[in-house]
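Spelled out from the first residue to the last, the chains are:
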Amino acid sequence: MKILILWDIFGRTGRRMVEENIGALRTKYTPDFMIANSENITGGKWPIEKHVLAMKDLGFDVLTGGNHVFSNLKDSGSVFSDPESIQIRPANYLELREYPIPGKGWRIVEKNGQKLLVINVMSNVFMYDGLDNPFQSIDRILSGFTEKFDAIVVDFHRETTAELVNMAYFLDGRTSVVYGTHTHVQTNDERIFPKGTGMITDLGMTGPLWSSIGHTFESRLPQLLTGTKLFGPKAEQVVGEGVLTGIFVEIREGRCVHIEKIRIQE
Ligand SMILES: [Fe+2]
């Protein structure tokens, strides 16, 4: 199974980079499945319905998310309500019967006789303290399935690098690929663990190159200079020259046999 995974598609420039490059990437890699992270796809915020549907039209099978999950809730439309929505969100919110959380934390896709499971979890280190432990959460999710998958892919949305590499060790041999998202910086450490789990600490960002992780430097600097948000203008997306990042992986009998970084810069 061949999977193309593009990362954190940020705003208008991110969407343009995907639209302009996806044809050539599909020709080059002939992927069976395509995945992307879309938590910033709508102006640096969680996707609205039309952007999820546009990604589906381009051939994406699953979109994962992160800490911006409910930032566009009022415009989410079918993003959460449609059981066939390709958009998932972190699985490890502390759901209660009286407080149901919109959306799903994993998605199964079947195509051409191959079955793929994609799971999204999020860290509670430097992010949200209240989340369920992501290691225990993914352990429970995996043990809950009795069916077999041809590949299992995990998006671990987190801030620290150590967590990701430990997650890859923890899941080695039980999942095909584990990667980090959230920092918007592609790391140079892709490798395959001994029992067959491919990993990369962070996939990076598909969005505006000359930006502060997608936003204007002018809107970020006052906070960094003063330590408060008193003086900064509202975070504003950059529209301009772009960068596209991701990975291409090949899976055989559930194990990763090839992992390759992708980076296209204008
Ligand atoms: Fe994030």
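Here's a quick rundown of the structure.

Check the secondary structure of the protein chain and you find six helices and 12 strands. Over its C-alpha trace the protein chain gives a radius of gyration of 18 Å, about what one expects of a compact globule, namely 18 Å for 266 residues. Oriented by its inertia axes, the alpha-carbon framework of the protein chain measures out at about 55 × 45 × 35 Å. Taking all 266 residues of the protein chain together, the buried fraction comes to 54%. Relative to all contacts within the protein chain whose residues are 6 or more apart in sequence, the contacts with residues 24 or more apart total 66%. In the form shown here, the protein chain has an accessible surface area of approximately 12300 Å², with 53% of it arising from carbon and sulfur atoms. Across the protein chain, the 29 positively charged side chains and the 33 negatively charged ones have centroids separated by 1 Å.

This paragraph deals with the layout of surface pockets. Of the volumes computed, that of the largest pocket is approximately 730 Å³. In terms of lining residues, the largest pocket is bounded by 28 residues, among which G44, H68, H215, R220 and A235 are the most central. Looking at side-chain class alone, the lining of the largest pocket contains five nonpolar, 16 polar and seven charged residues. In this structure, the second largest pocket encloses a volume near 290 Å³. If you trace the second largest pocket, you find 18 residues lining it, with K148, F149, I152, G173 and R174 closest to the centre. Grouping the constituent residues of the lining of the second largest pocket by class yields six nonpolar, six polar and six charged.

Reading the values: rules and limits
Positions within a chain are numbered from 1, following the residues in the order the chain's sequence is written. Where totals are concerned, whole chains, interfaces and linings use all residues; where local detail is concerned, this predicted model gives features only for residues with pLDDT of at least 70, and gives and counts side-chain atom pairs only at 80 or more. In computing side-chain values, all of the structure's heavy atoms are included and hydrogens and water are not. Each helix is a run of DSSP H or I of at least 4 residues and each strand a run of E of at least 2, with the numbering of both proceeding from the N terminus. Taken over C-alpha atoms, the radius of gyration is set against a globule rule of 2.2 Å times the number of residues to the power 0.38. Burial here depends on accessible area, computed with a 1.4 Å probe over protein chains only, as a share of the maximum for the residue type. Under 20% is buried, over 50% is exposed, and the range in between is partly exposed. The criterion used for residue contact is that any of the two residues' heavy atoms lie within 4.5 Å. The Shrake-Rupley method, run with a 1.4 Å probe sphere, supplies the accessible areas, and residue values consider only the shown protein chains as cover. Under this rule, positive means Lys or Arg and negative means Asp or Glu; His and the chain ends count for nothing. By convention, charge coordinates are those of NZ in Lys, CZ in Arg, CG in Asp, or CD in Glu. Think of a 1 Å grid over just the protein atoms. A cavity is a set of points where a 1.4 Å probe fits yet cannot get out, a pocket is an open set with protein on both sides within 12 Å along at least five of seven lines, and lining residues have an atom within 4 Å of a point. Grid points are joined across faces, edges and corners, and a volume is the space filled by probe spheres set on the points. Each residue receives one of three labels: charged for Asp, Glu, Lys and Arg, nonpolar for Ala, Val, Leu, Ile, Met, Phe, Trp, Tyr, Cys and Pro, and polar for the others, Gly being one of them.

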